[in-house]
Amino acid sequence: MSGAGKSHWAQKLAAAGFRVISIDDRIEKKLASDLAAGGYRGIGGVAAWMGWPDQPGYREREKKYLACEITCMDEALDEIQAAGDEGVVVDSTGSVVYTGEKICRRLQNLTTVVYLETSRDEEELLIARYLSDPKPVLWGDLFVQRPGESAQDAIARSYPDLIAHRRELYERYAHRTVSMDRLWNANLSARGFLELVERQARPA
């Protein structure tokens, strides 16, 4: 999920010498002309371009974003397969599970997929982060706004359903599952993170 810490750990691994493929960065490049037209840049700019799920045009932008993500994942996996390089980290988006069965299975076959799992308490933190500092989120049909309900209230109510739906998909493809709480409380180095993934993460 957005805000779970994927990019944080990818950056630590990059500092330790791994080559990181940031899917967020690649999507931003593919959306460059759309973003420039609105004066947007960075991951926050992508989120601002996409807008809130209740806004006009959100569905069209959501589809365009996903199409870019699918292309970026295909390209990244082609690079990994061609190079046969084990020192590569794919910093995926939280919506990677919507790219389709073929891409997710390729990712599973070519890499070790690590799912950063959130507890129920941590879900509240992710909701608060999304509302205060939005990141691009694909809602599909899981955002439902009731009559008279504000967008923020609808998001806060719908977000747990989005997390539950994604949790099933993450667990389907992950080789390892590590809790957010375990990672943050341990204050790990890049090496410590890798050791935890290999020795202490339960098989998904």
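Residues numbered from 1 in each chain as written. Predicted model: local features only at pLDDT ≥ 70, side-chain atom pairs only at ≥ 80, totals over all residues. Heavy atoms only, no water.

1. Regarding the packing of aromatic side chains
So the rule is basically this: To pair, rings of Phe, Tyr and Trp, with the six-membered ring standing in for Trp, must have centres within 6.5 Å; the planes then decide the type, stacked if under 30 degrees apart, edge-to-face if over 60, and tilted in the middle. Put simply, DSSP marks the helices as runs of H or I at least four residues long and the strands as runs of E at least two long, and each gets a number from the N terminus on. Burial here depends on accessible area, computed with a 1.4 Å probe over protein chains only, as a share of the maximum for the residue type. Under 20% is buried, over 50% is exposed, and the range in between is partly exposed.
This model, assessed by the stated rule, comprises seven aromatic pairs. Note on W9 and F193: the rings are 5.0 Å apart at their centroids and 15 degrees apart in plane angle, and the pair reads as stacked. Within this pair, whereas W9 is found in helix α1 (residues 6–15), its partner F193 is found in helix α10 (residues 190–199), the two being separated by 184 residues in sequence. Assigned by exposure class, W9 and F193 land together as buried. A ring pair is formed by W139 and Y159, whose centres lie 5.6 Å apart and whose planes are at 80 degrees; its orientation type is edge-to-face. Placement of the pair is W139 in the loop between α7 (120–132) and α8 (151–173) and Y159 in helix α8, with a sequence separation of 20 residues. Look at W139 and you get buried, because its relative accessible area is 1%. These aromatic residues form a ring-pair network of at least three members: W52, Y130, W139, F143 and Y159.

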